[in-house]
Amino acid sequence: SYLYLTIMSAAFYLSLGKRRCELEYSSESRKVLKIYTKEYLSRFMDISLTLFLVFYSFWAMSLNEKYIIISMMIVFVIFMKYSMIMEKSKSGDPTEILFKDKILMLLVTLYTAYIIYLMK
């Protein structure tokens, strides 16, 4: 169940970030954007990211894998890097951000390979 909570909180973080970029940089304003402020979205992004990191830590530790703690550090760095790029992004699209930044792609690849290695 921690994995579901992890995925949901990460999805909230990514979608709120995209919405915040849309609010900040979009010239054509959709109706739904009128009810949000940048501060509101930023606050809930922070909450979602914190929950993601907590739930991921709980999930990872529940696996009883000796070296899983390393993956927690990799995930933390991935989200730090993603957040830094998103702050400068005009679209906030997670896939666009991922595929445009080589370091972020490398970190995600490293994480994926590490998890596959641990799960064998």
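Preceding block: the structure.
The notes below deal with the structure included here.

Now for helix α5 (residues 102-119). With 18 residues, α5 should cover 26 Å at 1.5 Å per step; its first-to-last C-alpha distance of 26 Å lies within 8% of that length. The complete set of buried residues in α5 reads Leu104, Leu107, Tyr111, Tyr114, Ile115 and Leu118. Projected down its long axis, α5 shows its buried positions confined to an angular sector of 95°, all on one face. Exposed and oriented more than 90 degrees from the buried face of α5 are Lys102, Leu106, Thr109, Ile116 and Tyr117. Where the residues of α5 are buried, they touch α2 (38-62), α3 (69-88) and α4 (94-100). Of the residues flanking the start of α5, the one acting as N-cap is aspartate 101, its side-chain oxygen 3.3 Å from the backbone nitrogen of isoleucine 103.

So, about the nonpolar core. If you look at the biggest cluster of nonpolar residues, it comprises 27 residues, and the most contacted ones within it are Tyr13, Phe52, Tyr56, Ile78, Phe79, Met86 and Tyr111. Among the secondary structure elements, those contributing two or more residues to this core are α1 (2-25), α2, α3 and α5. The biggest single contributor to this core is α3, with 8 residues. What isoleucine 78 contacts, discounting residues up to four positions off in sequence, is Leu104, Leu107, Val108 and Tyr111.

In this structure, the largest pocket spans a volume of roughly 430 Å³. Lining of the largest pocket is provided by 18 residues; of these, Leu14, Phe52, Ile78, Phe79 and Val108 occupy positions nearest its centre. Sort the elements by how many residues they give to the lining of the largest pocket and α1 lands first, with 5 residues. Grouping the amino acids of the lining of the largest pocket by side-chain chemistry returns 16 nonpolar, 2 polar and no charged.

One can describe the packing of α1 onto α3 by two numbers: an axis separation of 11 Å at closest approach and a directional angle of 15°. Relative to α3, the element α1 lies roughly parallel. Between α1 and α3 the crossing geometry is right-handed. Counting all contacts with α1, which are made through Ala10, Tyr13, Leu14, Gly17, Arg20, Cys21 and Tyr25, the residues of α3 involved are Phe79, Tyr82, Ser83, Met86 and Glu87. Class assignment of the residues belonging to the contact of α1 with α3 gives a composition of 8 nonpolar, 2 polar and 2 charged.

How each quantity is defined
Residues numbered from 1 in each chain as written. Predicted model: local features only at pLDDT ≥ 70, side-chain atom pairs only at ≥ 80, totals over all residues. Heavy atoms only, no water. Helix = DSSP H or I, 4+ residues; strand = E, 2+ residues; numbered from the N terminus. Expected span 1.5 Å × (residues − 1). Buried < 20%, exposed > 50% of the residue type's maximum accessible area, 1.4 Å probe, protein only. Arc of directions from axis to C-beta. Contact = heavy atoms within 4.5 Å. Polar contact = N/O pair within 3.5 Å; in protein donor to acceptor, adjacent residues only side chain to side chain. Core = buried A, V, L, I, M, F, W, Y, C linked by side-chain atoms within 4.5 Å. 1 Å grid on protein atoms, 1.4 Å probe; cavity = no way out; pocket = protein on both sides within 12 Å on 5 of 7 lines; lining within 4 Å. Points joined across faces, edges and corners; volume = space filled by probe spheres on them. Nonpolar A, V, L, I, M, F, W, Y, C, P; charged D, E, K, R; others polar. Axes fitted to C-alpha atoms, helices over the stretch in contact; angles between N-to-C directions. Parallel < 35°, antiparallel > 145°, perpendicular 65-115°, else oblique. Left-handed = near helix turned anticlockwise from the far one by under 90°.

Purely geometric numbers; function is a separate question.
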